[in-house]
Amino acid sequence: MTQAKTWVLKQHFEGFPKDTDFELKLEKLSEPRDGEVLLEALFLSVDPYMRPYSRARMQAGDVMIGTQVAKVIQSNNPSFPVGCHVVGRCGWRTRTVSDGSDLTKVLVDWPQDVPLSHAIGAIGMPGLTALYGLEEVCTIKPGETLLVNAAAGAVGSVVGQIAKIKGCYVVGSAGSDNKVAYLKDLGFDQAFNYKTVSSLEETLKKASPEGYDCYFENVGGPFSSVAIPQMKAFGRIAVCGGISMYNDTTPQTGPYPHMHMIFKQLKMEGFLVGRWENKNEESLKRMLTWMQEGKLKCKEHVTVGFENMPAAFMGMLQGENIGKAIVKV
């Protein structure tokens, strides 16, 4: 009988998550039946979306949601032979029995010199989120000016790099001087530490006096209230996340953007990455090519040990990571 370690949501988060909200359990797994495989986790992802999704899509006692890169160690499914690597929506668990419906094979021609962990990073869901937000929602064009916040995170850092590949002027906001230095190393035209500037409004105006064609929103809250008035006429805003609000116990209130949106004729659209799932394989290949050409770089913040999943998750929500936060089993 195979056993799996799992992290369970012991109780719903009230405000910022706490250690006592999680419980480490052992689960006995049955042998894979016909059509099923047994997976062993190699790398697990911790992402901001897990915080709001835990409330919307989980019950107390459920295994924490999330994706992982895993290796097939037993197989009764010819589509997933022993030894192949997959990305699975398996949650926080070290082993999983799956019928394959929630699995995606890592690209067949995955290069030996590219870490497999990037399949849950820049060459995975966060990278696709960045790409689709720019191409499908913002319909960004060469020569345009882009603003992205949480710019040193898993999504934001890829957003800025793709915009540079497309010939745009990129302004990034991050929460530490080390993160700002990282953004400049990536080729951002302007980068600033929003925690230390004396005026966010003046900083945004100085970075791009003409305003912004596109705004990739990861933060929400007061930052958004200052940024939206800086948009150019017919500007486009891709709303990917709102991490500044995920742990609120009392909902934030205005200012409200309606007058700016009307007079500047702005387009503001929320999106989920799965909308363009039919394009994923081609999109991942494009981004992998950019990485091999040196145009797309991916920094990882690695926590070692499955027992440290909650700490890695909470650290990511506090902004401890530069680039993609992952846990190596």
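Attention in this report is confined to the structure presented alongside it.

Quick notes on the rules
- Residues numbered from 1 in each chain as written.
- Predicted model: local features only at pLDDT ≥ 70, side-chain atom pairs only at ≥ 80, totals over all residues.
- Heavy atoms only, no water.
- Helix = DSSP H or I, 4+ residues; strand = E, 2+ residues; numbered from the N terminus.
- Rg over C-alpha atoms; globule rule 2.2 N^0.38 Å.
- Buried < 20%, exposed > 50% of the residue type's maximum accessible area, 1.4 Å probe, protein only.
- Contact = heavy atoms within 4.5 Å.
- Areas by Shrake-Rupley, 256 points an atom, 1.4 Å probe, with all protein chains shown as cover.
- Lys, Arg positive; Asp, Glu negative; His and termini not counted.
- Charge placed at Lys NZ, Arg CZ, Asp CG, Glu CD.
- Axes fitted to C-alpha atoms, helices over the stretch in contact; angles between N-to-C directions.
- Parallel < 35°, antiparallel > 145°, perpendicular 65-115°, else oblique.
- Left-handed = near helix turned anticlockwise from the far one by under 90°.
- Core = buried A, V, L, I, M, F, W, Y, C linked by side-chain atoms within 4.5 Å.
- Phe/Tyr/Trp six-rings, centres within 6.5 Å; stacked < 30°, edge-to-face > 60°.
- Pairing = 2+ DSSP bridges.

### Focus on the overall build of the chain
Reasoning step 1: Check the secondary structure of the chain and you find nine helices and 15 strands.
Reasoning step 2: Taken over C-alpha atoms, the radius of gyration comes to 20 Å for the chain, in line with the 20 Å a tight globule of 329 residues would show.
Reasoning step 3: Overall, the C-alpha framework of the chain stretches about 65 × 45 × 35 Å when taken along its three principal axes.
Reasoning step 4: Residue burial in the chain is summarised as follows: out of 329 residues, 50% are buried.
Reasoning step 5: Of the contacts made within the chain by residues no fewer than 6 positions apart, 67% connect residues no fewer than 24 positions apart.
Reasoning step 6: With an accessible surface of roughly 15,100 Å², the chain has 52% of that area assigned to carbon and sulfur atoms.
Reasoning step 7: The chain carries 35 positive and 35 negative side-chain charges, and their two centres are separated by 2 Å.

### Digging into the packing of helix H2 (residues 125-137) against helix H3 (residues 156-165)
Reasoning step 1: As a packed pair, H2 and H3 sit with axes 8 Å apart at the nearest point and diverge in direction by 50°. It follows that H2 is oblique to H3 by the angle criterion. Here H2 runs over H3; the crossing is right-handed. On H3, the residues touching Gly127, Ala130, Leu131 and Leu134 of H2 are Val158, Val159, Ile162 and Ala163.

### Comments concerning the environment of leucine 103
Reasoning step 1: Residue placement: leucine 103 occurs in strand S7 (residues 103-105).
Reasoning step 2: On a C-alpha basis, the gap between leucine 103 and valine 69 in space is 9.7 Å, while along the polypeptide they are 34 residues apart.
Reasoning step 3: Residues in contact with leucine 103, not counting those within four places in the same chain, are Val37, Leu39, Phe80, Val86, Val87, Gly88, Cys90 and Ser98.

### Description of helix H9 (residues 309-317)
Reasoning step 1: The buried fraction of H9 is high, at eight of nine residues.
Reasoning step 2: In the stretch just after H9, glycine 319 is the one whose phi turns positive, near 80°.

### Regarding the nonpolar core
Reasoning step 1: One finds Ile123, Leu146, Phe216 and Met287 to be the most contacted residues of the largest nonpolar core, which totals 50 residues.
Reasoning step 2: Breaking this core down by element, the ones donating at least two residues are H2, strand S8 (145-148), H3, strand S9 (169-174), helix H4 (177-186), strand S11 (212-217) and helix H8 (280-292).

### What about the packing of aromatic side chains?
Reasoning step 1: According to the stated counting rule, one finds 10 aromatic pairs in the structure shown.
Reasoning step 2: Geometrically, the ring pair formed by tyrosine 132 and tryptophan 276 is tilted, given 5.5 Å between the ring centres and 45° between the ring planes. Note that tyrosine 132 is positioned in helix H2 and tryptophan 276 in the loop between strand S13 (267-270) and H8, a separation of 144 residues in sequence. This pair shows no difference in class: tyrosine 132 is buried, exactly as tryptophan 276 is.
Reasoning step 3: A ring pair is formed by tyrosine 215 and phenylalanine 223, whose centres lie 6.4 Å apart and whose planes are at 35°; its orientation type is tilted.
Reasoning step 4: By the ring-pair criterion, three or more aromatic residues cluster together here, those being Phe13, Phe22, Trp92 and Phe313.

### Describing the sheet that holds strand S12 (residues 231-239)
Reasoning step 1: Pairing in this open sheet of six strands is parallel, and the strands run S10-S9-S8-S11-S12-S13 from one edge to the other. Edge positions in the sheet fall to strand S10 (190-193) and S13, since each has one partner strand and no second. Between one strand axis and the next, the sheet turns by 15° as a mean value, whatever way the strands run.
Reasoning step 2: Note: S12 against S13, four bridges, orientation parallel. Within S13, the residue paired with valine 239 across the bridge is glycine 270.
Reasoning step 3: The sheet contacts of H4 involve S9 and S10, and relative to S10 the element is tilted by about 175°.

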